[in-house]
Structures are given as C-alpha cells and as structure tokens.
Amino acid sequence: MAGAEGFVEADNAEAIMIRIEHKTRKIESLLKQYKPVEALRTALEGTHAMTRDERCKSAHWIVVHRALMAIKDVDGMLSSLDSEYYDILMKYLYKGLSTGDRPTCEQCLRIHEKLTERAGFGCILRYLADTLNTV
Amino acid sequence: MASTLRLYLTCIRNTLEAAMCLQNFPCQEVERHNKPEVELKTSPELLLNPVLICRNEAEKCLIETSINSLRISLKVKQADELENILTKKFLRFLSMRAEAFQVLRRKPVQGYDISFLITNYHCEEMQKHKLIDFIVQFMEDIDKEISELKMSANTRGRLVATEFLKQFI
C-alpha cells in the first residue's frame, strides 16, 4: 500500500514540478503587467493538488511567496479573491509567519489581519485542524 | 515599528481565539488520569498543528494546541547583552512564582524565554477572552518592563560612576 503510494507520488511529483515551472513563468508575466491579484490567484490554484513531496511543497511556497510580496493593496486583493481561496491563503500566511524573515512576516501579518476580518476564526481553526494537507 | 507590534499582537490574539477550544479529556492510556495532552504528545490525533508566529528574526511566539490544553511560548526581543541578562533574570523571577499566575509554566520550552500552559480547567474557572487579554497584555508589558529595567540600570551605573570618580578630580 505504501509502496504503491510511493510510486504515485514520484510520478506526480515530476508532473507537479513541471506545472510549477509553467506557473512561475505565467506569474512573472502577470507581475510585469502589474496584475498582482491574478498572479496570487494563479499561484494558489494548483496547490489544491496536495502532495507529500518536500520539493513540491517548497517550490509551491516560493511561487506563492513571490506573488504575496508583490501585493500592495491588501483590501482590494481580498475583495477580488474568491472565498474558496481563503483557506489555502491562510495556510501559506502561517507558513510565511514561521519563516522569521522580517519583510515576509510584516506582509503576512498585514494580510492575516484583513483575512481574519473577512473569513473569521473558522479559517484559522481549519488550518489548525488540517494535519493531513499541510503546505 | 509600532504598527508591526499592533499587527503581531492582533495575529496572536486571533490565533488564540481560534485555538482556545478546550474540553475535558481523560487520559487514554492510563485509567483515572487526566493529563494535559499538549505536554505529553503521546497521541497524534489529539494534537492540532503547532503555529509559529514570528514578528522578526528575534521575536516569535509558538502556539501548540491539543484537545484539553494549550501551550504558548514566547521569545522576547533582546537587543544587547544587558537586555539579555535582564530578561533572563526577570522572567526567571516570574517563572519561579508560577503558582500565583496559575497559567504560567515553571520552565520555558527549549528555545523560548517564557511559556504558558492553559488547560480546560482554567477555561472553566476563568473567562476565555479574559485569558487571551491577559496573555496579550503580558506581552505588551514585558517590553515596557525590560526597557524600564534597562534604563534604571544605566542611570544607577552613571550615578555611581560619577560619585566614585569625583574623588579623583
């Protein structure tokens, strides 16, 4: 059972890495066109395909981090982001807060406050309770 | 600078509001025992994801929750050697009197300066939002206390040095 899962993970991991590279290019082009919200939405989309592979997780994180740091207008960003992305955004915010890097933490704290106002404490609790799909 | 502090405390307050959902849960392994699961960490199904909130490289807060207990560990900003010593002494003074605080842990978690342990019994006796207010107020006051201690240590040092060196004029 674990062996079969291992195989699936390996194939999936390669496919996911390729997808992440495509996403990175798309996000870079969106950021050049000054569309940070679309960039963030693109970054958060594919992460629904949760994986246990550490490389994929760190690659995902780098992509999302790039999009997050480019956000200047937090209120605008949250109003145009669909509510289905709130949970996954919260997960990445907490990952950002655990890094300890000053500009990342400041940005994440700013977004966290506004996101909690919108999404409520349920969003935080869903992150705390989800021990299977961690980012 | 002040705004990051406000955001940091708001984030911690919101996380605590969500994480402080404690209920009584007798020990699964040993009959008639009731232990704070966050300390023992024997059964993974009883633990939630630990949360690490960093304000910058020096200050951070670790919040670990379980079904019947919650542990909050703080690392306070220490700019120089003097603040390092003052913080250690001051927080050790508080930790030794942990009985009086009820929610304080006698020894801080490894890597942190001070820790709180809140159990379901505390939540039953005391109000949840008041507990959270206490923790956040504590964090604000610690910074003020340490700066005051540092200032008074420096002032005392200056006075003593002035008096002592007068005899050589």
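Residues numbered from 1 in each chain as written. Chains lettered and ligands numbered in written order. Predicted model: local features only at pLDDT ≥ 70, side-chain atom pairs only at ≥ 80, totals over all residues. Heavy atoms only, no water.

- As recorded in an unreviewed UniProt entry, chain B goes by the name Actin-related protein 2/3 complex subunit 4, listed as coming from Acacia crassicarpa.
- In its Subcellular location (unreviewed entry) section, UniProt records this for chain B: "Cytoplasm, Cytoskeleton".
- Turning to chain B, the UniProt annotation filed under Function (unreviewed entry) states: "Functions as actin-binding component of the Arp2/3 complex which is involved in regulation of actin polymerization and together with an activating nucleation-promoting factor (NPF) mediates the formation of branched actin networks. Seems to contact the mother actin filament." (UniProt positions renumbered as here; feature names shortened; annotations may be inferred.)

- Per an unreviewed UniProt entry, chain A carries the name Actin-related protein 2/3 complex subunit 5 and comes from Acacia crassicarpa.
- Entered under Subunit (unreviewed entry) in the UniProt record, the comment concerning chain A runs "Component of the Arp2/3 complex composed of ARP2, ARP3, ARPC1/p41-ARC, ARPC2/p34-ARC, ARPC3/p21-ARC, ARPC4/p20-ARC and ARPC5/p16-ARC."
- The UniProt entry for chain A carries this comment under Sequence similarities (unreviewed entry): "Belongs to the ARPC5 family."

1. So, a nonpolar patch on the surface
Working step 1: A surface patch of nonpolar side chains, about 360 Å² in accessible area, is lined by B:Phe164, B:Leu165 and B:Phe168.
Working step 2: In this fold, B:Phe164 is placed in helix 6 (residues 128-166). (Patch = residues over 30% accessible without salt bridge, like charges linked within 9 Å, V, L, I, M, F, W, Y side chains within 5 Å. Areas by Shrake-Rupley, 256 points an atom, 1.4 Å probe, with all protein chains shown as cover. Salt bridge = Lys/Arg side-chain N within 4 Å of Asp/Glu carboxyl O. Helix = DSSP H or I, 4+ residues; strand = E, 2+ residues; numbered from the N terminus.)

2. Thoughts on the interface of chain A and chain B
Working step 1: Every contact between the two is made by 22 residues of chain A and, on the other side, 23 residues of chain B.
Working step 2: Carbon and sulfur atoms make up 66% of the surface buried where chain A meets chain B, a total of about 1900 Å² over both sides.
Working step 3: Together, A:Arg102, A:Leu109 and A:Leu128 form the three largest contributors to the area buried by chain A at its contact with chain B, with a combined 31%.
Working step 4: Taken together, chain A and chain B are joined by two salt bridges.
Working step 5: With its nearest N and O atoms 3.3 Å apart, the salt bridge here joins B:Arg6 to A:Glu113.
Working step 6: The tally of links from chain A across to chain B stands at seven residue pairs in polar contact (both at pLDDT 80 or more).
Working step 7: Of all the secondary-structure elements, those providing two or more residues to the side of chain A that touches chain B are helix 5 (86-99), helix 6 (102-119) and helix 7 (121-129) of chain A.
Working step 8: The greatest single-element share of the side of chain A that touches chain B, amounting to eight residues, is contributed by helix 6 of chain A.
Working step 9: Here the side of chain A that touches chain B is built from residues that sort into ten nonpolar, six polar and six charged. (Contact = heavy atoms within 4.5 Å. Buried area = accessible area lost by both parts, 1.4 Å probe. Polar contact = N/O pair within 3.5 Å; in protein donor to acceptor, adjacent residues only side chain to side chain. Nonpolar A, V, L, I, M, F, W, Y, C, P; charged D, E, K, R; others polar.)

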